[in-house]
Every structure is written in structure tokens, then in C-alpha cells.
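Chain residues, written in single-letter form:
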2 protein chains.
Amino acid sequence: MMAEQKWEDFYCDEVLTGKTQVEKVLETEHSLAFYHTRPYYEVHIIVIPKKHILSFLAVTIEETDIMVDVLQVIRQVAAKLENEHGACTISTNIGSYQSNKHMHWHVHYGARIRDEQGRLLNDQQAK
Amino acid sequence: MMAEQKWEDFYCDEVLTGKTQVEKVLETEHSLAFYHTRPYYEVHIIVIPKKHILSFLAVTIEETDIMVDVLQVIRQVAAKLENEHGACTISTNIGSYQSNKHMHWHVHYGARIRDEQGRLLNDQQAK
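Thresholds, definitions, all that
- Residues numbered from 1 in each chain as written.
- Chains lettered and ligands numbered in written order.
- Predicted model: local features only at pLDDT ≥ 70, side-chain atom pairs only at ≥ 80, totals over all residues.
- Heavy atoms only, no water.
- Least-squares fit on C-alpha atoms with pLDDT ≥ 70 in both.
- Salt bridge = Lys/Arg side-chain N within 4 Å of Asp/Glu carboxyl O.
- Buried < 20%, exposed > 50% of the residue type's maximum accessible area, 1.4 Å probe, protein only.
- pLDDT = per-residue confidence, 0-100.
- Phe/Tyr/Trp six-rings, centres within 6.5 Å; stacked < 30°, edge-to-face > 60°.
- Helix = DSSP H or I, 4+ residues; strand = E, 2+ residues; numbered from the N terminus.
- Contact = heavy atoms within 4.5 Å.
- Buried area = accessible area lost by both parts, 1.4 Å probe.
- Polar contact = N/O pair within 3.5 Å; in protein donor to acceptor, adjacent residues only side chain to side chain.
- Nonpolar A, V, L, I, M, F, W, Y, C, P; charged D, E, K, R; others polar.
- Pairing = 2+ DSSP bridges.

*Asks:* Residues and numbers for the relation of the copies chain B and chain A, please.
*Replies:* When chain B is brought onto chain A, the operation consists of a screw motion whose angular component is 180 degrees and whose axial shift is 0.0 Å, with 0.0 Å RMSD remaining. Here the transformation between the copies is reduced to the relation of a two-fold axis. Among all C-alpha atoms of chain B, that of Ser91(B) lies closest to the rotation axis, at 2.0 Å.

*Asks:* So what's going on with the pattern of salt bridges? Residues and values would help.
*Replies:* All names here are of chain A. According to the stated counting rule, one finds 12 salt bridges over all chains in the structure shown. Its salt-bridge partner being Glu27, residue Lys24 comes within 3.0 Å of it at the nearest N-O pair. Exposure remark for Glu27: the relative accessible area of 42% places this residue in the partly exposed category. One continuous salt-bridge network, built from bridges that share partners, spans Lys24, Glu27 and Lys50.

*Asks:* How would you explain the confidence of the model for chain A if you had to name every residue and give the values?
*Replies:* Model confidence for chain A is summarised by a mean pLDDT of 92, while 91% of its residues fall at 70 or above. The ipTM value of the predicted complex is 0.91, and its pTM value is 0.91.

*Asks:* Before we move on, could you go through the packing of aromatic side chains and cite the residues and values that matter?
*Replies:* All chains considered together, the criterion is met by nine aromatic pairs over all chains. Plain terms: the ring middles of Phe56(A) and Trp105(A) are 5.2 Å apart, the flat faces sit at 80 degrees to each other, and that makes the pair edge-to-face. Here Trp105(A) lies in strand β5 (residues 105-112) and Phe56(A) lies in the loop between β3 (41-49) and α2 (64-85), a separation of 49 residues in the sequence. Accessibility expressed as a relative area gives 0% for Trp105(A), which makes it buried. Here the aromatic rings of Tyr97(A) and Tyr109(B) are separated by 5.8 Å at their centres, their planes lie at 10 degrees, and the arrangement is stacked.

*Asks:* I'd love a proper account of the interface of chain B and chain A, names of residues and values included.
*Replies:* Between chain B and chain A, the contact holds 25 residues from the first and 25 residues from the second. Surface buried jointly by chain B and chain A totals about 2100 Å² across both partners, of which 61% is contributed by carbon and sulfur atoms. Counting the contacts that link chain B with chain A gives zero salt bridges. Scanning the region where chain B abuts chain A turns up 14 residue pairs in polar contact (both at pLDDT 80 or more). Those elements that place two or more of their residues in the side of chain B that touches chain A are α2 (64-85), β4 (87-95) and β5 (105-112) of chain B. In terms of residue count, the dominant contributor to the side of chain B that touches chain A is β4(B) (nine residues). Its residues assigned to classes, the side of chain B that touches chain A shows 14 nonpolar, nine polar and two charged. Examined bridge by bridge, strand β4 (residues 87-95) of chain A and β4(B) share nine bridges and lie antiparallel to one another. When the bridges of β4(B) are listed, Thr89(A) appears paired with Asn93(B).

Here it is as C-alpha cells:
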């Protein structure tokens, strides 16, 4: 397997341009929710603002409407997972924990299927 | 060690009443941030609304001001951890993943120190 290419901003460069096709879950004027292209959990959905915003800590007063829209999309996606699976976790990373420098929220359910390096865990490789 | 007592709402019953003393990080009119009494990570802060709200999915339009305040406190706590440690994760659980039925957000940095059952991991027990 080739080494995984790293983007500074995979969402602006690949997802929002359409260069990398994603399976959309929900789309609004300001936000996009889609299945993670390399999921870390059995069900793993990413929610991003279409505008480039570095992180949750970087959102400005002028971007409040965008943030509200992102949060509403997160709620809808989380409600979908709760309805289908009974549970989910919502999370976002800050600073050195944030690999991709475009604010993104994870909404996920089920067991972890990749390690920190992005390798599929053993029981998944065997499937 | 005695079995850990479980509360339906530890925050209303114990923390907000003051029955269980917590180390506060930040307090506003609507929100409280404090160090987790049984941390799952090396640095583990909890942010809650003072009003009883079941979960992030249960927030009503009338509770928008409270939610905005909670999110601002989360941002301040996350900025503090980024400043001190360079990173953090912000998360909340929904449905069966949410053990305590009062909305709470985790802001944490560092290695995991407890398992899912709340037991300290081996290298921590040895310390």
C-alpha cells in the first residue's frame, strides 16, 4: 500500500473541490456532512463548514451564522446515529491533535477500526 | 475499594449542590467548568450548563443563550489547554454512550488513564 498522502487542508483541496468524491450525509448553505473517506470508527461522519475556518477556537463573531449552521448539522447527524444505533460521540480536535487544518467535527458510532497512524486494526484487516 | 456509586445526574445532585466538591476552572452565569473528579485523561475538564439539559440534542430554542454560553466556556477551556499543552480534544456523548443524563462536554489532553469501566490503567496503578 502506498503511503497516505497528507494534505494541510484536505477539505478545501479535495472534498469541497470535488477532486475526492465523498458520500454526502447532509448539505446546507454553509456546511457539509459526509462519510469519512478513511473511517476510524464503524460509522464515522465528518461535518465541516464550507468556508475555510482553522478550528473551533478560530471562529470569529462574523462567522457566528456559519458556526450555528455547523452545530445544527452536527445535531441532525448525531440524531440520525442515535436513531439508527442508539448512540454516538461528537468531537473536534485542537492544536497538535488536529491533523487537518480546517475545522471538522467527528460524529461516530461503534468500535475503533484504525490506530493512530491510520492503519486498520487487525480484526478489520482479517475481514 | 467500594463500588463506584452511579447517579442518574451527578451534576445536578452532587456538583451543583456542592455535596461533591470540585476544582473549578471557570464559572459563568449559565455554565461551570471543573476538573473531572475521576479523570479518564491526564488533563480532563468537564463543562456543564447549570440548568438541567439532558443532552446536546435536547437543547431547545429557548435555551440558545445557555448553549452559546456553554460553547464559549468550552472555547476558553480548550484555549487554556492548547496554551498549556499544545492540544486538546472536545467531545460529548449521545444516547447510550452518555452515562450521566445531564449535558456535559469533555475537554481533555494527554493519555487515557482509565478503561471503559472506570478502572485506572495498569501503568497508572503502578504510580
